[in-house]
Amino acid sequence: MTDPADAGGLDRLIAERRAKADALRERGVDPFPATYEGRRDIGDARELGEPLPPGEGSDESLRIAGRVVARRGQGKMAFLDVEDHTGRIQLWARANQIGQESMAALLDLDLGDIVGAEGPVARTRRGELSLDLRGFTLLAKALRPPPDKHHGLKDPETRYRQRYLDLMADEEVRGVFRARAAAIAAIRRFLDGRGFVEVETPSLQPLYGGAAARPFVTHHNALDRDLYLRIAPELYLKRCVVGGLDRVYELGKNFRNEGVSYKHNPEFTSLETYEAYADYRDVAAMTETMVAAAAEAATGGTTVRFRDQEIELAPPWTRLDLRESLEQASGIDVRELPEAAALRDAMRAKGYEAADTATWPQLVDGLLSSALEPDLVQPTFLLDYPVELSPFAKRRPDDPAVVERFEAFAGGMEIANAFTELNDPDDQRARFAALVAEREAGDEEAPPPDPDFLAALEYGMPPTGGLGVGIDRLVMLMTDRTSIREVVLFPAMRSEASDGRDPG
């Protein structure tokens, strides 16, 4: 790719390509025709030609189309490599087959142009599988030069801002998003096969809830009211369970007005499932089986490599008690320090960060993130959380200070969160009141009460197990990508400095 800093060089190349497009139009040739009928995938052409010995061709002529990614030769013979989503094939062009005028037009093509080509599949005497070119059509003139195929795109800013160039330059990047699609499709098949119903709930909500996060706020002009981009679909999905949809799930975007990191993006894809008459242990068994199925579909197996470590995603996963594991990792028993000030002092004494304004739940969560989470490389369920951290989870019958909740970790990061869902409306009302107190104490992430959700619970929700899975993090794990930006096609970015420079 031409160095963007070399504005003059890029401008010259663009001018040359535009001049070629203008010349075609003057000759009555549309450089952007609408269709190319009868096209076959390049993968089909390669399959047809695979049995051919060197020097032989097929009897069948076919049409393929793709982007010109390489070219060699001139004069009476030329070779162009053309690529589509199924692979690459060489175009073998000879002037005595296509004529001098067509040969000149072929040699005038630029890298990045999209062409249709027809002819029989053949192997050259050197054994290269090719399309023995008998005719071609320019389908889209590339007015900008493509990235360099050999060196690729090195600048992360360019890769993320202009993802189309990243995809164009690197088959491995395309493979990441194919793996993502395969994992999501496998998750849908898994849940559909278990009788779950996929539903869609509002992304614009009059009240946000179901998680601890700051929302994005927008204004609806016709209704003259503020609405919130959802931080989670949880409370709407549980309304579905109240209404008699006993097994529901939603795959979609959530939006949280928070900082960015290697594992956080303001908009992210999540899966949430709710199953009536199940608890968090049932959900844990389903989670490990589902993730293994997704890995199999995305990678061909259940063993993945992430950050130079092999991770086995097949069941069973390790199950640990949160309180005991956190004490072993940090030397702090959080249950023995129920006040924020005491826990803050203990954390600082052990060398952990503890903000003056952090509430007790935030301190526990921060201790988990710094002391324990990085060491949970193999898939692990941490079970049984303090009630203060889990406003929508059901208390354990034998210990009301603890709720039936797990978080799942792998590769040193959280990938899932699940509860035996709280279905007692009076307990839920008290939990909302506690959240109000946290908001008044300065916790901007504490969600507000939802009176309609409480009303729904008062109609009766059966015992229910709920699950949330971070799809982006799961794909990071399966494709060995250490930043969420590598698995989100168009991640959130800071504004570019307005320097007037051409984006190419």
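Analysis parameters
Residues numbered from 1 in each chain as written. Predicted model: local features only at pLDDT ≥ 70, side-chain atom pairs only at ≥ 80, totals over all residues. Heavy atoms only, no water. Helix = DSSP H or I, 4+ residues; strand = E, 2+ residues; numbered from the N terminus. Buried < 20%, exposed > 50% of the residue type's maximum accessible area, 1.4 Å probe, protein only. Contact = heavy atoms within 4.5 Å. Lys, Arg positive; Asp, Glu negative; His and termini not counted. Charge placed at Lys NZ, Arg CZ, Asp CG, Glu CD. pLDDT = per-residue confidence, 0-100. Axes fitted to C-alpha atoms, helices over the stretch in contact; angles between N-to-C directions. Parallel < 35°, antiparallel > 145°, perpendicular 65-115°, else oblique. Left-handed = near helix turned anticlockwise from the far one by under 90°. Nonpolar A, V, L, I, M, F, W, Y, C, P; charged D, E, K, R; others polar. Phe/Tyr/Trp six-rings, centres within 6.5 Å; stacked < 30°, edge-to-face > 60°. Polar contact = N/O pair within 3.5 Å; in protein donor to acceptor, adjacent residues only side chain to side chain. Pairing = 2+ DSSP bridges. Arc of directions from axis to C-beta. Core = buried A, V, L, I, M, F, W, Y, C linked by side-chain atoms within 4.5 Å. Salt bridge = Lys/Arg side-chain N within 4 Å of Asp/Glu carboxyl O.

(A) Looking closely at the overall build of the protein chain. Secondary structure summary: the protein chain contains 15 helices and 20 strands in total. Once the C-alpha set of the protein chain is aligned to its principal axes, its extents read approximately 85 × 50 × 50 Å. Burial status across the protein chain gives 49% buried among its 504 residues. Sequence separation of 24 or more characterises 66% of the internal contacts of the protein chain that already satisfy a separation of 6 or more. Charge separation in the protein chain, taken as the distance between the mean sites of 63 positive and 88 negative side-chain charges, equals 6 Å.

(B) Local environment of the confidence of the model for the protein chain. Per-residue pLDDT for the protein chain averages 94, and the proportion of residues at 70 or more is 96%. Scored below 50 in pLDDT, residues 1-5 shows 13 contacts in the model against residues more than four places distant or in partner chains. A low-confidence stretch, residues 498-504 stays under pLDDT 50, and its non-local contacts, those more than four residues away or across chains, total 10 contacts.

(C) View of the packing of helix H7 (residues 171-193) against helix H9 (residues 280-299). Relative orientation of the contacting elements H7 and H9 amounts to 140°, with a least axis distance of 8 Å. Relative to H9, the element H7 lies oblique. Crossing of H7 against H9: the hand is right-handed. Contacts between H7 and H9 involve Ala179, Ala182, Ala183, Ala186, Ile187, Arg189, Phe190 and Leu191 on the former and, on the latter, Met286, Thr289, Met290, Ala293, Ala294, Ala297 and Ala298. For the contact of H7 with H9, the residue count by class is 13 nonpolar, 1 polar and 1 charged.

(D) Quick peek at the packing of aromatic side chains. The tally for this structure, following the rule as stated, stands at 4 aromatic pairs. Aromatic pair phenylalanine 381 and phenylalanine 406: ring centres 4.7 Å apart, planes at 65°, arrangement edge-to-face. Remark: phenylalanine 406 occurs in strand S18 (residues 399-410) and phenylalanine 381 occurs in strand S16 (residues 380-386); sequence separation between them is 25 residues. With relative accessibility at 0%, the residue phenylalanine 406 sits in the buried group. On the basis of an interplanar angle of 75° and a centroid distance of 5.9 Å, the ring pair of phenylalanine 392 and phenylalanine 432 is categorised as edge-to-face. Of this pair, phenylalanine 392 sits in the loop between S16 and strand S17 (395-396) while phenylalanine 432 sits in helix H13 (residues 425-440), and the two are 40 residues apart along the sequence. The two residues phenylalanine 392 and phenylalanine 432 agree in class, both being buried.

(E) Inspection of the side chain of aspartate 166 at higher detail. Here aspartate 166 is to be found in helix H6 (residues 163-169). Polar side-chain contacts of aspartate 166 include one of 3.0 Å to the side chain of arginine 159. Leave out the neighbours within four places in its chain, and aspartate 166 touches Leu153, Arg159 and Val173.

(F) The arrangement of the pairing of strand S9 (residues 217-220) in detail. Both S9 and strand S10 (residues 225-229) contribute to a ladder of 4 bridges, which runs antiparallel. Bridging from a neighbouring strand, histidine 220 pairs with arginine 225 of S10. Once S9 ends, the chain turns through 4 residues before running back antiparallel as S10, passing aspartate 224 with a positive phi of about 50°.

(G) Structural context of unusual backbone geometry. The residue after proline 315, namely proline 316, is reached through a cis peptide bond having omega 0°. Even without a glycine there, the phi angle at aspartate 224 is positive, about 50°. Among the structural elements, aspartate 224 can be located in the loop between S9 and S10. In the Ramachandran plot, aspartate 384 falls in the positive-phi region, its phi being about 70° despite a non-glycine side chain. Examined against the element boundaries, aspartate 384 turns out to sit in strand S16.

(H) Examining helix H11 (residues 340-349) more closely. Buried within H11 we find Ala340, Leu343, Arg344, Ala346 and Met347. Looking straight down H11, one finds its buried side chains confined to an arc of 165°; they lie on one side. Those residues of H11 that are buried lie in contact with helix H12 (360-372).

(I) Summary view of the nonpolar core. Among the nonpolar cores identified, the biggest contains 48 residues, and Ile187, Leu191, Leu271, Met290, Phe406, Leu467 and Met478 are the most heavily contacted of them. Ranked by size, the runner-up nonpolar core spans 42 residues in total, among them Leu363, Leu367, Leu382 and Val387.

(J) Expanded view of the sheet that holds strand S8 (residues 204-205). The strand order across the open sheet built from 3 strands is S8-S10-S9, with neighbouring strands paired in antiparallel fashion. Each edge of the open sheet is held by one strand with a lone partner, namely S8 and S9.

(K) Broad picture of the pattern of salt bridges. According to the stated counting rule, one finds 47 salt bridges in the structure shown. Glutamate 157 is the salt-bridge partner of arginine 161, the closest N and O atoms lying 3.0 Å from each other. Here arginine 161 and its partner glutamate 157 are both found in helix H5 (residues 156-161), 4 residues apart, which amounts to about one turn of the helix. On the accessibility criterion, arginine 161 (26% relative accessible area) is partly exposed. Among the salt bridges present, the one from glutamate 421 reaches lysine 238, with a minimum N-O distance of 2.7 Å. Remark: lysine 238 occurs in helix H8 (residues 234-242) and glutamate 421 occurs in the loop between strand S19 (413-420) and H13; sequence separation between them is 183 residues. The pair formed by glutamate 421 and lysine 238 is uniform in burial state, with each residue classed as buried.

(L) Highlighting the environment of alanine 122. Looking at the secondary structure, you find alanine 122 in strand S4 (residues 114-123). Judged by its relative accessible area of 5%, alanine 122 is buried. On a C-alpha basis, the gap between alanine 122 and glutamine 90 in space is 9.9 Å, while along the polypeptide they are 32 residues apart. Every residue in contact with alanine 122, bar those within four places of it in the chain, is listed here: Leu52, Glu56, Gly57, Trp92, Glu128, Leu129, Ser130 and Asp132.

(M) The arrangement of the environment of tyrosine 160 in detail. Topologically, tyrosine 160 is positioned in helix H5. For tyrosine 160, a relative accessible area of 9% translates into the label buried. Looking at tyrosine 160, its side chain comes within polar contact range of the side chain of glutamate 486, at 2.9 Å.

(N) Spatial organisation of the pairing of strand S1 (residues 57-74). Both S1 and S4 contribute to a ladder of 8 bridges, which runs antiparallel. What sits directly across from leucine 62, in S4, is glycine 119. Taken together, the 7 bridges between S1 and strand S2 (residues 77-84) define a ladder with antiparallel strand orientation. Note that in S2 the partner of valine 68 across the bridge is valine 82. Connecting the antiparallel pair S1 and S2 is a turn made up of 2 residues, with glycine 75 showing a positive phi of about 75°.

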